[in-house]
Amino acid sequence: MIGARARRLVRLALKSLWAHRLRSLLTALGMVFGVGAVVAMLAVGEGASRDAQQQFLRLGSRNIIVRSVKPPESTSASATRSFVVAYGLELSDVEVVRATVPHLARTAARRDIPSDLWNGARKHRGSVFGVETSYREVTNLELARGRFLTDDDARTKKNVCVLGAAAAEALFPASDPLVGSVRVGGDYYGVVGVAARRGTAPASGAGASGEEDSAVFVPLAAALERFSPLIRVQTSGSRSAERVELHQLIAEVSGTEQVTAAARALRTLLEQRHPKGDVNVVVPLELLEEAARTKRRFTMVLAFIAGVSLLVGGIGIMNIMLANVTERTREIGIRRALGARRRDVVLQFLAETIVLATVGGAIGLGLGVGLPFAITKAFDTPTAVTASSLVMALLVSAATGIVFGLYPASRAAALDPVEALRHD
Amino acid sequence: MAAPVVELRDLWRTYVLGGHEVHALAGVELTIEEGAYVAIMGPSGSGKSTLLNVLGLLDRPTRGTYLLGGRDVSALDDDDVSAERGRRLGFVFQNYNLIPQLDVVENVEVPMVYAGVGDHEARERATALAERMGLGARLGHRPTELSGGQQQRVAIARALANDPLVLLADEPTGNLDTRTGQEILGLLDELHAHGKTLVVVTHDPGVAARADRIVRMRDGRVERIDVNRPAGATS
Ligand SMILES: Nc1ncnc2c1ncn2[C@@H]1O[C@H](COP(=O)(O)OP(=O)(O)OP(=O)(O)O)[C@@H](O)[C@H]1O
Ligand SMILES: [Mg+2]
């Protein structure tokens, strides 16, 4: 019974809206663009946030990353030629970190040596990464083939290596890398494994894009023994050198709850040992929380924009509906003469605004779903349309219809039948 | 003598205009029996339309009693008045007053929709009524696609939709040429012959001559009632 009445109301509303289809369309445009923009922006925001989350999660939500950075003073003092700048993490730091920072499950130190990698006459510009054997687990490095470096390799300082995916492709385009070896300087390293492609490197701190793919991993002990910590740097004519013992230390905390405490202890310790500020601590979990805060702020701004655009759309609808009521005063009088109660008139006009707002909202939804799709295609930006944003958009449009339809509808119902019939 | 369908006792309708009281109706006494065909005549401003609006429950008397089918409708609330209007009264206006975006059948259905008649039944009854009014070939047409006479036929069909106690018409032929007017009057005669109670406001003595009785209004009062025929008798 209620259903039949509602159907009849909607049918009547559609009929009246259809009678003025251009006007109805123009009226609904406010809703179309309002809802479309909000859904699209939500999708872009959600996509960016998920992307950031994934990147940070790949860094490891339980990890703390310490990196060596060139202190700012020495950069400005580099007017001095042939000056050796020593900075960054040292092996002794690692010992102290392990011994004193609470809640650490394991750590993995790394030293980077930019070098040319050779296989016969094939050359690949990459790096040698001297890593501890825990590096694979701590950084979730996947192996495509073979095995990673073992404690045995480390103890015996064997000349073995694991190839990054890009390095493997460049050096062994046609042959099996696992039976080959890689030459760095005067030494040969037998290949025992090939890492899976990492792709875009985790942002904010873990290093340049694709650097792991372009590297060979060797046992840290071997790297320390065979490569001098001195790295020559050439910048626009001036020659200098840097002395860096370790470039990175990744510490894995035993649980997510302990990350904050461990990070605090680690920072305090490193501030004492490196007052020059030549180490940098990155905590992915903090970045994640920061990202969540940013997202909340973004969502609030969006909610505000959504509110404003729906207000504008709603006022547009109300404006047209008021004109509509005036224009149809006589129809209202006729309907009243034929037995319509005030309530029937209210419902009739309310149904029109609700249908108008909801149809506008639905078209806007289509726009809001299509636009992110186009954005992803065109700009390679991740977007994600969530079901909740769709449901919300529809409910909010219907609610806008009710709120802004109520006044015109009640104006229509308040008309005196005799007056209304006399109107033309 | 037939039962009274309408009884008005000391009925007043007073407008206040700039401190002045204008009595559009000033103590109207009127009884209309079932099956009667009543014409209301009188000079312009004598209160004919006001009387018809009060009879049609579109307007409320300032004072006095109105019994419709024996029920006192003077003090009903708006919802009940609306229901009475829709179910027990039928209107025919000078300018037809059809709803432009609805077709013939849909226009005729409107009073039934508000009276809660089911979709299917409303459609059948509306179609039958429109056909009875000679609109069988125009059922799906919009009012703008119809002549004045055809529009007035739709209006009459619509007025009959809920089989009202009284059919009220204000100058039903006022906008029509003589011939079309005669056709419409013929339809009204036919309804009268079938026992429908009719009240028609008119300036046209030719129209009034078809009625059983002519109520002559002057200054908001019933001045005189001329009897053409005994009530209920058909010519
Ligand atoms: N809304 C109103 N406000 C004030 N006065 C009104 C109103 N409606 C009617 N009147 C007055 O009531 C009196 C009766 O008006 P009514 O319309 O009933 O006359 P009528 O007999 O139908 O005239 P006509 O033959 O010209 O249609 C007139 O004096 C008119 O001015
Ligand atoms: Mg009049």
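Just above sits the structure.
The numbering scheme is per chain: residues are counted from 1 as the chain's sequence reads. Chain A is the first chain written and ligand 1 is the first ligand written, with later ones labelled in order. At least 70 in pLDDT is required for a residue's local features to be given in this predicted model, at least 80 for side-chain atom pairs to be given and counted, and no such filter applies to totals for whole chains, interfaces and linings, which use all residues. Each side-chain value is worked out from all heavy atoms of the structure, with water and hydrogens disregarded.

**Points about the pairing of strand E7 (residues 166-170) of chain B**
Each regular strand shows side chains that alternate between the opposite faces of the sheet. All names here are of chain B. Stated precisely, the cut-off is as follows: The rule is simple: take the accessible area with a 1.4 Å probe, protein chains only, and divide by the maximum for that residue type; under 20% is buried, over 50% is exposed, in between is partly exposed. By the criteria applied, helices consist of DSSP H or I runs no shorter than four residues and strands consist of E runs no shorter than two, each listed in order from the N terminus. Between any two strands, pairing holds if DSSP finds at least two bridges.
Of all five residues in E7, five are buried; the element is thus mostly enclosed. Burial along E7 is two-sided: the residues Val166, Leu168 and Asp170 and Leu167 and Ala169 are all buried. Of the strand pairs in this sheet, strand E6 (residues 89-92) and E7 are connected by four bridges, and their pairing is parallel. Paired with Leu89 across the two strands is Val166, which belongs to E7. The sheet contact formed by E7 and strand E8 (residues 197-201) spans five bridges and is parallel. Each residue of the ladder has a partner; that of Ala169, found in E8, is Val200.

**Focus: the packing of aromatic side chains**
All names here are of chain A. Worth spelling out the cut-off: Any Phe, Tyr or Trp ring, taking Trp's six-membered ring, that has another such ring centre within 6.5 Å forms a pair; planes under 30 degrees apart are called stacked, those over 60 apart edge-to-face, and the others tilted.
Evaluated as defined, the whole model comprises four aromatic pairs over all chains. When the ring of Tyr135 is compared with that of Phe217, the centres are 5.7 Å apart and the planes differ by 40 degrees; the resulting orientation is tilted. Placement of Tyr135 in helix H5 (residues 135-139) and of Phe217 in strand E9 (residues 215-219) is noted, with a sequence separation of 82 residues between them. One exposure class covers both Tyr135 and Phe217, and it is buried.

**Some thoughts on the interface of chain B and chain A**
What counts here: In what follows, a contact means two residues having at least one pair of non-hydrogen atoms within 4.5 Å. Accessible area that two parts lose when put together, with a 1.4 Å probe and added across both, is what the buried area reports. We count a salt bridge whenever a side-chain nitrogen from Lys or Arg sits within 4 Å of a carboxyl oxygen from Asp or Glu. A 3.5 Å cut-off defines polar contacts: any pair of N or O atoms within that distance qualifies, except that in protein one atom must be a possible hydrogen donor and the other a possible acceptor, and neighbouring residues in sequence count only when both atoms are side-chain atoms. Classes in brief: Ala, Val, Leu, Ile, Met, Phe, Trp, Tyr, Cys and Pro nonpolar; Asp, Glu, Lys and Arg charged; the others, Gly included, polar.
Counting residues at the interface gives 25 residues for chain B and 25 residues for chain A. For the chain B and chain A pair, buried surface summed over both sides reaches about 2,200 Å², with 52% attributable to carbon and sulfur atoms. Area buried by chain B at its contact with chain A is led by B:Leu58, B:Gln101 and B:Tyr114, which between them contribute 29% of it. Between chain B and chain A we count six salt bridges in total. The residue B:Asp119 makes a salt bridge to A:Arg8 at a minimum N-O spacing of 2.1 Å. The interface formed by chain B and chain A holds 10 residue pairs in polar contact (both at pLDDT 80 or more) in total. For the side of chain B that touches chain A, the secondary-structure elements that each account for two or more residues are helix H2 (78-88) and helix H3 (104-114) of chain B. Its residues placed into classes, the side of chain B that touches chain A shows 11 nonpolar, seven polar and seven charged.

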